[in-house]
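In case you want the letters, here they are:
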Amino acid sequence: ISLCTEQHPLNICFRAPQASQTPTPTHLQNALFGMGNPLLDICAVVDKDFLDKYGLKTNDQILAEEKHKEMFEEIVKKFKVEYHAGGATQNSVKVAQWMIQEPHKVATFFGCIGKDKFGKILKEKAEEAHVEAHYYEQTEEPTGTCAACITGDNRSLVANLAAANCYKKEKHLDLEENWKLVEKAQVYYIAGFFLTVSLESILKVAKHASENNKIFCLNLSAPFICEFFKEALMKVMPYVDILFGNETEAATFAQERGFETEDIEEIAKKAQSLPKENKKRQRIVVFTQGKEGTVMTKGDKVETFPVLKIDQSEIVDTTGAGDAFVGGFLSQLVQDKTFEQCIRAGHYAANVIIRHAGCTFPEKPDFH
């Protein structure tokens, strides 16, 4: 029997298995593809003076400038630091893999690192997370780092992209063995941060997804992306099937697009109706709002889903909460679950991550 179902997020027609068959999940290997900035996170609890000294806001993410150069050395000298494999997209695919558990290597990740100590740590961490990371390794720039300056339950992120900025489409993505991995995937996820690095790489992947009726997801990632990289963002937007963002990014995006509304549901609807290449799928927009409910467009409706309650005292650090939400969401999306189930998994993953330092998690998820 051939079953075609509209509710099915992937809109795939599939044949019902014979009673004797037990489907194995090996088809999930390399089904999720992520590309972005691999960074080693340097996490530390800092004080307000430290933020003020480097002109940082309590809850923000920016790219390092000249004035932040010494900050990376000072944070290591002055505070107790922990190192974690990071970078928004890499975090999300890592969480998706953790949620799925088996098989390993559901997620493939591309990005650029240096041939150095931090690069080696990133490779080890990716392996530990069972993510198939294919890094473009070069010697001109060191592996990128991100200082996560934690104050209370806020975090200010300062990314020094370094090597991550050196990703080259023709030197990595275009290589036959690498492109084959792109073709194997069904779901693609790229954080908006990568728009600052290689727009042509994003467009190549986005067009492939659109032409083959696969799912391409993009994250607004930070207000500065919506402001200063809006041209690149709007070049990719026609290929976006699922758009992620938080309330601050949504507000900045609306302002830059001239939506003339501050209502998050209205912003979601307007973002949904922006021009789209692949007409077989209506765009889904998902905006998180911290402890407030998550907003999602579905058809002509906008729904709000409450997040899981958590006691303030249980929050260790909100670094990676947004990435974890996306990771949880993708873990179900790649398994053809409903969008409601995707949101539930996103909320679960974010709830786990904020109880741990950095984007780290226990050995196994407890999600049903």
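Residues numbered from 1 in each chain as written. Predicted model: local features only at pLDDT ≥ 70, side-chain atom pairs only at ≥ 80, totals over all residues. Heavy atoms only, no water.

Going by what an unreviewed UniProt entry lists, the chain is known as Adenosine kinase and is assigned to Cyprinus carpio carpio. Per its UniProt entry, the chain bears the Catalytic activity (unreviewed entry) comment "adenosine + ATP = AMP + ADP + H(+)". Check the Sequence similarities (unreviewed entry) section of the UniProt entry for the chain; it says "Belongs to the carbohydrate kinase PfkB family." (UniProt positions renumbered as here; feature names shortened; annotations may be inferred.)

Asker: Can you walk me through the overall build of the chain in this structure?
Answerer: The helix and strand tally for the chain stands at 13 helices and 16 strands. Scaling as 2.2 N^0.38, a compact globule of 368 residues should have a C-alpha radius of gyration of about 21 Å, and the chain matches this with 20 Å. For the C-alpha atoms alone, the extent of the chain along its principal axes is close to 65 × 45 × 40 Å. Looking at the chain as a whole, 55% of its 368 residues are labelled buried. The contacts in the chain between residues at least 6 apart in sequence include a share of 73% that link residues at least 24 apart. Taken as a whole, the chain presents about 17,000 Å² of accessible surface, with 50% of it coming from carbon and sulfur. Here the chain contributes 43 positive and 52 negative side-chain charges, whose respective centroids are spaced 4 Å apart. (Helix = DSSP H or I, 4+ residues; strand = E, 2+ residues; numbered from the N terminus. Rg over C-alpha atoms; globule rule 2.2 N^0.38 Å. Buried < 20%, exposed > 50% of the residue type's maximum accessible area, 1.4 Å probe, protein only. Contact = heavy atoms within 4.5 Å. Areas by Shrake-Rupley, 256 points an atom, 1.4 Å probe, with all protein chains shown as cover. Lys, Arg positive; Asp, Glu negative; His and termini not counted. Charge placed at Lys NZ, Arg CZ, Asp CG, Glu CD.)

Asker: I'm lost on the pairing of strand 10 (residues 154–160) in this one. Help?
Answerer: On a regular strand, one side chain projects to one face of the sheet and the next to the other, so that they alternate. Counted residue by residue, strand 10 has five buried out of seven residues, so it is predominantly covered. Sheet topology note: the strand 5 (residues 60–63)/strand 10 ladder contains four bridges and is parallel. If you follow Leu-63 over to strand 10, its bridge partner there is Ala-159. Sheet topology places strand 9 (residues 144–151) next to strand 10; seven bridges connect them, and they run antiparallel. From the neighbouring strand, Thr-151 faces strand 10, where its bridge partner is Asn-154. Between strand 9 and strand 10, which pair antiparallel one after the other, the connecting turn spans two residues, and Gly-152 there sits at a positive phi close to 60°. (Pairing = 2+ DSSP bridges.)

Asker: Help me understand the side chain of Asp-41 in this model?
Answerer: Summarising the element assignment, Asp-41 is placed in strand 4 (residues 39–45). Of the buried charged residues, Asp-41 lacks a salt bridge, with Lys-94 as the closest side chain of opposite charge at 6.9 Å. Discounting residues that sit within four places of it in the chain, Asp-41 has contacts with Glu-82, Tyr-83, His-84, Gly-86, Gly-87, Asn-91 and Cys-146. (Salt bridge = Lys/Arg side-chain N within 4 Å of Asp/Glu carboxyl O.)

Asker: Which parts of the structure should I look at to understand the sheet that holds strand 11 (residues 187–191)?
Answerer: What holds strands together in a sheet is hydrogen bonding between their backbones, with the strands either parallel or antiparallel. What the nine strands build is an open sheet, ordered 8-7-3-11-12-13-14-15-16; its pairing is mixed. Since the sheet does not close on itself, it has two edges, and those belong to strand 8 (132–138) and strand 16 (301–305), each with one partner. Going from strand to strand, the sheet's axes swing by 15° on average, the running direction of each strand aside. Across seven bridges, the pairing between strand 7 (residues 107–114) and strand 8 is parallel. Residue pairing across strands places Gly-111 opposite Tyr-135, the latter belonging to strand 8. The strands touched by helix 6 (residues 176–184) are strand 3 (32–35), strand 7, strand 8 and strand 11; relative to strand 7, the strand with the most contacts, the crossing angle is about 145°. With respect to the sheet, helix 13 (residues 339–353) is in contact with strand 13 (242–246), strand 14 (284–289), strand 15 (292–298) and strand 16, its orientation differing from that of strand 15 by roughly 155°. (Axes fitted to C-alpha atoms, helices over the stretch in contact; angles between N-to-C directions.)

Asker: Just to check I follow, could you spell out helix 11 (residues 264–272) for this structure?
Answerer: Helical geometry: 3.6 residues make up each α-helical turn, so side chains three or four residues apart lie on a common side. Within helix 11 the residues assigned to the buried category are Ile-264, Ile-267, Ala-268, Ala-271 and Gln-272. Taken down its axis, helix 11 places every buried residue within 135° of arc, on the same side. Those residues of helix 11 hidden inside the fold are in contact with strand 13, helix 10 (247–257), strand 14 and strand 15. (Arc of directions from axis to C-beta.)

Asker: I tried to follow unusual backbone geometry on my own but got confused; where do I start?
Answerer: Working note: non-glycine residues mostly have negative phi, and peptide bonds are mostly trans. Put simply, Glu-102 and Pro-103 share a cis peptide bond, and its omega is -5°. Among the secondary structure elements, Pro-103 is positioned in the loop between helix 3 (88–100) and strand 7. Phi at Gln-101 is positive, roughly 65°, even though this residue is not glycine. Structurally, Gln-101 can be placed in the loop between helix 3 and strand 7. Its identity as a non-glycine residue notwithstanding, Asn-213 has a phi of 50°, on the positive side. Within the secondary structure, Asn-213 sits in the loop between helix 7 (199–211) and strand 12 (215–219). For Asn-213, a relative accessible area of 22% puts it in the partly exposed group.

Asker: When you look at the pattern of salt bridges in this model, what are you seeing that I'm missing?
Answerer: Side-chain pairing between opposite charges can occur once the charged atoms of the two side chains come close. Evaluated as defined, the whole model comprises 13 salt bridges. Between Lys-48 and Asp-52 there is a salt bridge; the shortest N-O distance is 2.8 Å. You can see Lys-48 and its partner Asp-52 sitting in helix 1 (residues 48–53), four residues apart, about one turn around the helix. Between Lys-180 and Glu-176 there is a salt bridge, with the nearest N and O atoms lying 3.5 Å from each other. A residue pair is termed a helical-turn pair when its members lie 3 or 4 positions apart in one helix, as Lys-180 and Glu-176 do in helix 6 at four residues. By relative accessible area, which is 48% here, Lys-180 ends up partly exposed. Among the charged side chains, a salt-bridge network with shared partners connects Lys-53, Glu-74 and Lys-78.

Asker: Whenever I open this one, the UniProt feature "active site" (unreviewed entry) in the chain confuses me. Can you help?
Answerer: The UniProt feature table records "active site" (unreviewed entry) at Asp-323. Inspection of the secondary structure assignment puts Asp-323 in helix 12 (residues 321–333). Each residue touching Asp-323, except ones within four places of it in the same chain, is listed here: Ala-88, Asn-91 and Ser-92. Among the polar contacts listed, one links the side chain of Asp-323 to the side chain of Asn-91, at a separation of 3.0 Å. (Polar contact = N/O pair within 3.5 Å; in protein donor to acceptor, adjacent residues only side chain to side chain.)

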